[in-house]
Every structure is written in C-alpha cells, then in structure tokens.
Amino acid sequence: MKKLSFLFVLILAAVLTITGCGGQSKDNTDNVPQGNDATEKENAVLAKVEKEGKLLVGTEGTYPPFTFHDDNGELTGFDVEIAKEVAKRLGVEAEFKETQWDAMFAGLDAKRFDMIANQVGIKPEREEKYAFSNPYITSTAVLIAHEDNDEVKGFEDLKNKKAAQSMTSNYADMAREQGAEIVGVDGFNQAIELLLSKRADVTINENLSFLDFKKAKPEAKVKIVAESPDASQSGLMFRKDSETLVEAVNGALADMIADGTYDKISIKWFGENVLE
C-alpha cells in the first residue's frame, strides 16, 4: 500500500507539473506584445493592390488641367498622368473612380478607392486623419473675377461677395475667412461659368488652372485680380492604414523625378517644372 501511495503521489506531482507548465505557457503567450496587428493593416492595402493588379484612384474629372475629359471623352490631365505612372512603377494599373470633390474624402474613408489624385492640399487638419505622399506640385491661389468687375481688387474685398467654390476645398476656406458667401460648384469649369454669367462675383483657384483655361479660351472675359503670397503644396492622399502603400508611392515619385519622367509630364501640361 505504501508503494502504491508513493506511486500515486509521484503521478499526481507529475500531472500538476505538466498542468503548471501548460498554464505557464499560456501566460507567456498572453504576455507577448501583440504589436503585429497595426503592421498587418498597413501592409494589407499594398498587398490588396498588388494582388488585384490595380490601384483604385479617386479623382474629380472636372478640374483641368489636373483631371478632366478631353474632346474624345477620355480622362486625362496632370494628376491623371502622375497617378498612371505611379501605378505603372508599382507594377499595377491605375483604375480611376470619378466623384465630386465634396464626396471624395468620404469615398476614401469607405474604401471605394486606395488613393486620391486631385490636387489635395497638404494641411495640418487633413494630416490628422489622412496620410499624404511627398508633395508633387506647388501652386499659388489666385482670385479670379469677371473682366467687368471693378469692385474686387484683393482678397480683403470679399466680404459679402459670392465666391464660386467646391464647398470643402482649401479655397472655400480662404473665401469664408474673408467673409464671402460660398456658392457651391462641382469644379473649376462651373465656377468660371458662374463668373461669366455673373451669378457669382469671384472664385479662388489654382493659378495653373487659370493659365491653362486662358490658353485654351483667351477670349473668355475673366481676369486675375490678386495672387496669394503663400504657395501651397499638394500630395496624393491615403487612409492612415496605408503606410506601406504611401512608402511605395513615394519611391515611385522619387524615381520619376530622378529619371526625368516627372519633368516631362510637368512641362507637357504647364511648360515648366511645377514641383517647387
């Protein structure tokens, strides 16, 4: 009996030891830092793009010379060519999803596209929620009015004036700060139409957009009445969970600049390099 009791004690001790080891193993697993979830999310967007073979790009399609439709109805423009070249260097194709400016950020949030290419200004309040590529264009805001408009000579004259702007754009914010009443538009062309028909007094917009418009329609009765002293930079925009995609895009942009491809695209649309 003593031998049996002793044997029982040994068996019980062994079981407790094994159980204890198992419990310790579980505790160790629970205590291992779980730091991979965020990394996996950041990698997921790039992995999806590579697996599907396409980069979904949100853009307006109504904002020449950056993103618009040519006489044949084809989507084209500076931003369109930049996005296509970036996608090419990632080994995928760019697939464009056109939407109005005011719905574009919501579309990115809803994962309708992976990236926005639409002259999105890099602003601190946007950087709080979104990720940006390195800047790929520098531009200046100009105040545009009808040629007959002699009342507006500068940004300080916008109080109670009607400004034709995309409601959530940088330029709408500038107009509001000066006390203007915002008349919502879908893009640059509609803003100019409102000026020409005198249903709006002014629009604040890209100097490059205006120069491109006047090059195509020199007889149009609109003029620049003031230019902002501050240059702004734009970047390709992403959700915060897209860091590895952002890194890949930045690499593509850097290569484009280094090998002269960026310069070629820029000169085609603006006659000069517009990066700085």
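If you're wondering where the values come from, they're calculated on a predicted model, not measured in any experiment.

Caption draft 1: Examining the side chain of Asn170 more closely. Within the element layout of this structure, Asn170 appears in helix H6 (residues 170-177). Residue classification places Asn170 among the buried positions, given a relative accessible area of 18%. Excluding its chain neighbours within four sequence positions, the residues that come into contact with Asn170 are Gly121, Lys123 and Arg126.

Caption draft 2: Seen up close, the packing of aromatic side chains. Scanning the entire structure with this criterion turns up 9 aromatic pairs. Taking the centre distance of 5.9 Å and the plane angle of 90° together, the rings of Phe68 and Trp269 count as edge-to-face. With Phe68 in strand E2 (residues 68-69) and Trp269 in helix H10 (residues 261-270), the pair connects residues that are 201 residues apart, well separated along the chain. Comparing Phe68 with Trp269 shows no difference in burial state: the two are buried. With 6.1 Å between their ring centres and 85° between their planes, Phe78 and Tyr262 make a pair best called edge-to-face. Separated by 184 residues along the polypeptide, Phe78 in helix H3 (residues 78-89) and Tyr262 in helix H10 bring together distant segments of the chain. The class of Phe78 is buried, set by a relative accessible area of 0%.

Definitions and cut-offs
Residues numbered from 1 in each chain as written. Predicted model: local features only at pLDDT ≥ 70, side-chain atom pairs only at ≥ 80, totals over all residues. Heavy atoms only, no water. Helix = DSSP H or I, 4+ residues; strand = E, 2+ residues; numbered from the N terminus. Buried < 20%, exposed > 50% of the residue type's maximum accessible area, 1.4 Å probe, protein only. Contact = heavy atoms within 4.5 Å. Phe/Tyr/Trp six-rings, centres within 6.5 Å; stacked < 30°, edge-to-face > 60°.

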